[in-house]
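Listed here are the chains, written in short residue letters.
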Number of protein chains: 4
Amino acid sequence: MPIMNPEEFALASRRAHQADSVVDVYGVTVGGLRPVVCAGPCSVETPEQILACAEAVRKSGAHLLRAGAYKPRTSPYSFQGLGERGLKLLAEVREETGLGIVTEAVDTDTFDLVEEYADCVQIGARNMQNFSLLRRAGRSVRPILLKRGLCATLQEFLLAAEYVLAGGNPRVILCERGVRTFADHSRTTLDLSIVPAVKRLSHLPIIVDPSHATGVRDAVPSMSLAAIAAGAHGLLIEMHVQPNQALTDGPQAIYPSQLERIVSDTASIAAILAQSKVPQPLI
Amino acid sequence: MPIMNPEEFALASRRAHQADSVVDVYGVTVGGLRPVVCAGPCSVETPEQILACAEAVRKSGAHLLRAGAYKPRTSPYSFQGLGERGLKLLAEVREETGLGIVTEAVDTDTFDLVEEYADCVQIGARNMQNFSLLRRAGRSVRPILLKRGLCATLQEFLLAAEYVLAGGNPRVILCERGVRTFADHSRTTLDLSIVPAVKRLSHLPIIVDPSHATGVRDAVPSMSLAAIAAGAHGLLIEMHVQPNQALTDGPQAIYPSQLERIVSDTASIAAILAQSKVPQPLI
Amino acid sequence: MPIMNPEEFALASRRAHQADSVVDVYGVTVGGLRPVVCAGPCSVETPEQILACAEAVRKSGAHLLRAGAYKPRTSPYSFQGLGERGLKLLAEVREETGLGIVTEAVDTDTFDLVEEYADCVQIGARNMQNFSLLRRAGRSVRPILLKRGLCATLQEFLLAAEYVLAGGNPRVILCERGVRTFADHSRTTLDLSIVPAVKRLSHLPIIVDPSHATGVRDAVPSMSLAAIAAGAHGLLIEMHVQPNQALTDGPQAIYPSQLERIVSDTASIAAILAQSKVPQPLI
Amino acid sequence: MPIMNPEEFALASRRAHQADSVVDVYGVTVGGLRPVVCAGPCSVETPEQILACAEAVRKSGAHLLRAGAYKPRTSPYSFQGLGERGLKLLAEVREETGLGIVTEAVDTDTFDLVEEYADCVQIGARNMQNFSLLRRAGRSVRPILLKRGLCATLQEFLLAAEYVLAGGNPRVILCERGVRTFADHSRTTLDLSIVPAVKRLSHLPIIVDPSHATGVRDAVPSMSLAAIAAGAHGLLIEMHVQPNQALTDGPQAIYPSQLERIVSDTASIAAILAQSKVPQPLI
């Protein structure tokens, strides 16, 4: 490896790659003008639940299915996910619905298994600086969805992506999911200003997760539209067919009807942006 | 005054007033479906500068003119504004352009003078809990634009508005302008999640200031569109005909051409929201 | 006034005044090796209450009495203080106990009155950037106790002091009282690292208020000792003879017995610091 | 495992274990009245460097040696530590100096090796919610030093410890090392108020790392004394015999002479606390 300046995200930088990168996830293009909506329940719970959710996602017009089989949980006593059984259920609903699967790998031990089943491997906010996991992701054959840590600076975020890129995997999608602040009306504070900042400094696509950011179902539609208007390339949204019965994160899961409107409205907003002559951020 | 629960923003609450309040500023309605754009330079500098800026604002299709005659400055050695002479220049450009004036009152001593010239009196972020100033605003004949403090909670923000309402002035417009966080890619972190939260709890209109929030010109268009998509009733934007020569805040002032696109694009986004059936936040 | 660099706190700087400044408050020296303890109730409530509190302060060995006659309150419906009657009661207990009085001025309108009765005029955290109030303090004949704003940077804090110094009043005591963060085990996060930072950059004395910072009675003794060990010149502590009956801030008011131990233990810690050869921060 | 409330840190709680836990690290007791000082360079660099540093630590009167062989680095292009060779050098200086070794394990892959050489295995701030690593630590035969994440709440911190305890390892030492805030005079904001809060809720010992918290050498002595005065059971300090030549973190490494004074002064402060009758936090 050539000697690099440790403070620089060389491969993630616009200087390394002037045009926007686009990342293909099971035939869906992330990083272009069309916003990509990836939706689904927090966790895979049962065969019936994940199939019903996936069908609602497909029916809404969203493009990818998200759901967790391995869950990083604050407490050792919380439900930790179905593990491999969850991954197999996800593969089955992919067959049924044609939707590509985004699911999380929480450690290097289970990365191989997740990689085998997933179309895009998510690295969660708490693992943004799990450097061993980032190095493993750098050797992956799958695209990586990398979430911003809860108090990560822009430089730290791009340097985390750099670990993956430097490992040989160029397919990284960034994801803003809210940062910790004093504000108490929202679980975290969604920092949409990082979207134009990332687009100025980096060629990597960036999407937004309004569900974990706000923690409140009724804030998700507004923040979804705001994210696309801010220039994000897509959304990662928690949706459940029966939010009140969800094993995890029910209060922030939206209803299928809300998802339909989000897909439709964000497409309309993206069309406005595509036609707009608002001077773009300088590179 | 009846005995009130000190933790409640009784008059600012949806419980007190179920319908959205609309506030008239010199014939412009703030709080309805059409987003209101209030733009102009940070400070009134010279007769020529303020007139040129005001004409650019009018030409862009924006609705109100903002500019400071009294400036709250971090340092005692910074330019503190033209004072009454600035107010008189603002009144003159109102005559010339027909644009209503939004300008800041920084203390109770000069409030009378500001009130005499302004169509809407701004109370800045650093004064959000200047309770004497809030009480004076409560006795004002003008609508009040109240900016959120740099680390104010939602409850503190609404209780600050409550001071104005309880003083007898029902015409309050709230304004989000970014909060202090660890993030360093933006001067402050624009907290758009407060928009749906305010709309859930309060009937007062809320607008957004992307200029002070980001401190970076090229982030202003994105954040303006995002604010309207999040449901904000309008924008407060710094624009200058010659940003590089501005006495204050030049790096965050946008160009007139950027303002034109923002006015146009936000109107298009608002039209999408008006037609959308996204389930609204429950009251 | 000569042309100054607006980013510099010229008069507050060590460059302007190499030696530590000491400020005399009613015969008590703030800024020397002996830590000064200023204690008392949040508010003046009744003649009996303030006298009992003042006597407990004197008996504890603390050096100054603090209590508010004008209270800046988040809600317009909260108890706002006794006003001038409170100031007169404070003057009476000064006669009785010999303790100098530190009390807050919340606006320019009442500053004259507060100045007449107080031995040291406090400017609260929410008013740290109330520049009109700072200018009035700059013309005061009294020393000023200036609290750090809830999200003020070190530079903003010193520039706020600079307003007072530039106005002609060299007697400023700084006070750290906690900053807003995500942490929820304490009302705010007491930032003791600002103590050595202030001492490096400025000659002004700095004290610490552990009561408002933590909001929890039982954290006050630990944080008091920590503040003095960090090099603070004194403490501002809420103490009440009957905390459970306090009109304001009862849960954070300590008992007189706790105050006695704090006075004694901080004196012991200061004696260790005075003898220590720990290399001091470089100027 | 019995069904536990996921929000409770059952085993870490005072309710589970009323008395303070003490943890033995190579014959040194952490958690008692005597503050334990663990000091050393950020990284093991060369045989000469680590031996010289260890001898300076021993000579200062400090009790344990810290140094990293595996380094979690923000950038993939930064020095990543000497790995196993570093561990062997640490084992050699333990033989020479008699000092027990605290060193970090950054992932599950290298945990076995670290465990083999270390007397206490550190889990760093960025790994506080690396749950796989916490589970491995729960099966370790070594005591675990668990650092608080940069934006971890108290509950999250104690639940991270709970993972280790629930895994069967009762020997956990907590470590506060600063949190991310807006403040820019210090690399992070050292949150000493968590010390009494931890002692109220948990029986686990808690120490403080002023070096990473402040990032500034000359703030380390003040914050060290403050930490002990706040009730911390010990300190984790970066010291280097030639800070200006350190490969990592030189600007925050103190000189041996500073360490000597810290050891001496903290012992004096602890003696004051031991004699004090300040009412302790209620459990």
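To be clear, the structure that these remarks concern was listed above.
These numbers were taken from a predicted model, which means no experiment stands behind them.

1. Things to note about the packing of helix H1 (residues 47-60) of chain B against helix H2 (residues 84-97) of chain B
Residue and element names in this part refer to chain B.
Piece 1. At their nearest, the axes of H1 and H2 sit 10 Å apart, and the two run at 40 degrees to each other. As far as their axial angle goes, H2 and H1 are oblique. The element H1 and its partner H2 pack so that their crossing is right-handed. For the pair formed by H1 and H2, the contact residues are Pro-47, Ile-50, Leu-51, Ala-54, Glu-55 and Arg-58 on the first element and Leu-89, Leu-90, Val-93, Glu-96 and Thr-97 on the second.
Piece 2. Broken down by class, the residue content of the contact of H1 with H2 amounts to seven nonpolar, one polar and three charged.

2. Comments concerning the pattern of salt bridges
Piece 1. Summed over all chains, the structure comprises 51 salt bridges over all chains.
Piece 2. For Glu-238 of chain C, the salt bridge identified is with Arg-66 of chain C, shortest N-O distance 3.6 Å. With Glu-238 of chain C in strand S10 (residues 234-238) and Arg-66 of chain C in strand S4 (residues 64-66), this pair connects stretches of sequence that are 172 residues apart. Neither Glu-238 of chain C nor Arg-66 of chain C differs from the other in exposure class; each is buried.
Piece 3. Between Glu-115 of chain D and Arg-136 of chain D there is a salt bridge, and its shortest N-O distance comes to 2.7 Å. Highlighted residues: Glu-115 of chain D in helix H3 (residues 108-117) and Arg-136 of chain D in helix H4 (residues 131-138), separated in sequence by 21 residues. Judged on exposure class, the residue Glu-115 of chain D and its partner Arg-136 of chain D are both buried.
Piece 4. Through salt bridges that share partners, Asp-112, Glu-115 and Arg-136 of chain A make up one connected network.

3. Describing helix H1 (residues 47-60) of chain C
Because the α-helix completes a turn every 3.6 residues, residues three or four places apart line up on one side.
Residues and elements named next belong to chain C.
Piece 1. The terminal C-alpha atoms of H1, which comprises 14 residues, lie 20 Å apart, in line with the 20 Å expected from a rise of 1.5 Å per residue.
Piece 2. Of the positions making up H1, those classed as buried are Gln-49, Ile-50, Cys-53, Ala-54, Ala-56, Val-57 and Ser-60. Relative to the axis of H1, the buried residues are bounded by an arc of 160 degrees and lie together on one face. Opposite its buried face, H1 presents the exposed residues Glu-48 and Lys-59, each directed more than 90 degrees away.
Piece 3. Turning to H1, the residues buried within the fold contact strand S3 (36-40), S4, helix H2 (84-97) and helix H9 (256-275).
Piece 4. Once H1 ends, the next one or two residues include Gly-61, with phi positive near 95 degrees.

4. As for a negative patch on the surface
Residues and elements named next belong to chain A.
Piece 1. A grouping of Glu-55, Glu-92, Glu-95 and Glu-96 is seen on the molecular surface, where their side chains present a negatively charged patch.
Piece 2. Considering each element in turn, the negative patch owes the most residues, three residues, to helix H2 (residues 84-97).
Piece 3. Residue placement: Glu-55 occurs in helix H1 (residues 47-60).

5. Let's talk about the sheet that holds S4 of chain C
Residues and elements named next belong to chain C.
Piece 1. The parallel closed barrel is built from eight strands, whose spatial order is S3-S4-S5-S6-S7-S8-S9-S10. With direction set aside, neighbouring strand axes in the sheet form an average angle of 25 degrees.
Piece 2. Here strand S7 (residues 144-147) pairs with strand S8 (residues 172-176) via four bridges, running parallel. Within S8, the position partnered with Lys-147 by the bridge is Cys-175.
Piece 3. Its contacts with the sheet place H2 against S4 and strand S5 (100-104), and it is angled at close to 160 degrees to S5.
Piece 4. Packing of helix H8 (residues 220-229) onto the sheet brings it into contact with strand S9 (206-208) and S10, and relative to S10 it is tilted by some 165 degrees.

6. Some words on the environment of Leu-33 of chain B
Residue and element names in this part refer to chain B.
Piece 1. Assignment of secondary structure puts Leu-33 in the loop between strand S2 (28-30) and strand S3 (36-40).
Piece 2. As for Leu-33 and Ala-270, which are separated by 237 residues in sequence, their C-alpha atoms are 7.0 Å apart.
Piece 3. Discounting chain neighbours no more than four positions away, the residues touching Leu-33 are Ala-270 and Ala-274.

7. Concerning the relation of the copies chain B and chain A
Piece 1. Screw-axis analysis of chain B against chain A gives a translation of 0.0 Å along the axis, an RMSD of 0.0 Å, and a rotation angle of 180 degrees. Here the copies are linked by what is in effect a two-fold axis. Residues of chain B ranked by C-alpha distance from the rotation axis are headed by Ala-226 of chain B, positioned 2.0 Å from it.
Piece 2. The share of interface residues of chain B whose copies in chain A are also at the interface is 100%, consistent with both copies meeting through the same surface.

Quick notes on the rules
- Residues numbered from 1 in each chain as written.
- Chains lettered and ligands numbered in written order.
- Predicted model: local features only at pLDDT ≥ 70, side-chain atom pairs only at ≥ 80, totals over all residues.
- Heavy atoms only, no water.
- Axes fitted to C-alpha atoms, helices over the stretch in contact; angles between N-to-C directions.
- Helix = DSSP H or I, 4+ residues; strand = E, 2+ residues; numbered from the N terminus.
- Parallel < 35°, antiparallel > 145°, perpendicular 65-115°, else oblique.
- Left-handed = near helix turned anticlockwise from the far one by under 90°.
- Contact = heavy atoms within 4.5 Å.
- Nonpolar A, V, L, I, M, F, W, Y, C, P; charged D, E, K, R; others polar.
- Salt bridge = Lys/Arg side-chain N within 4 Å of Asp/Glu carboxyl O.
- Buried < 20%, exposed > 50% of the residue type's maximum accessible area, 1.4 Å probe, protein only.
- Expected span 1.5 Å × (residues − 1).
- Arc of directions from axis to C-beta.
- Patch = residues over 30% accessible without salt bridge, like charges linked within 9 Å, V, L, I, M, F, W, Y side chains within 5 Å.
- Areas by Shrake-Rupley, 256 points an atom, 1.4 Å probe, with all protein chains shown as cover.
- Lys, Arg positive; Asp, Glu negative; His and termini not counted.
- Charge placed at Lys NZ, Arg CZ, Asp CG, Glu CD.
- Pairing = 2+ DSSP bridges.
- Least-squares fit on C-alpha atoms with pLDDT ≥ 70 in both.

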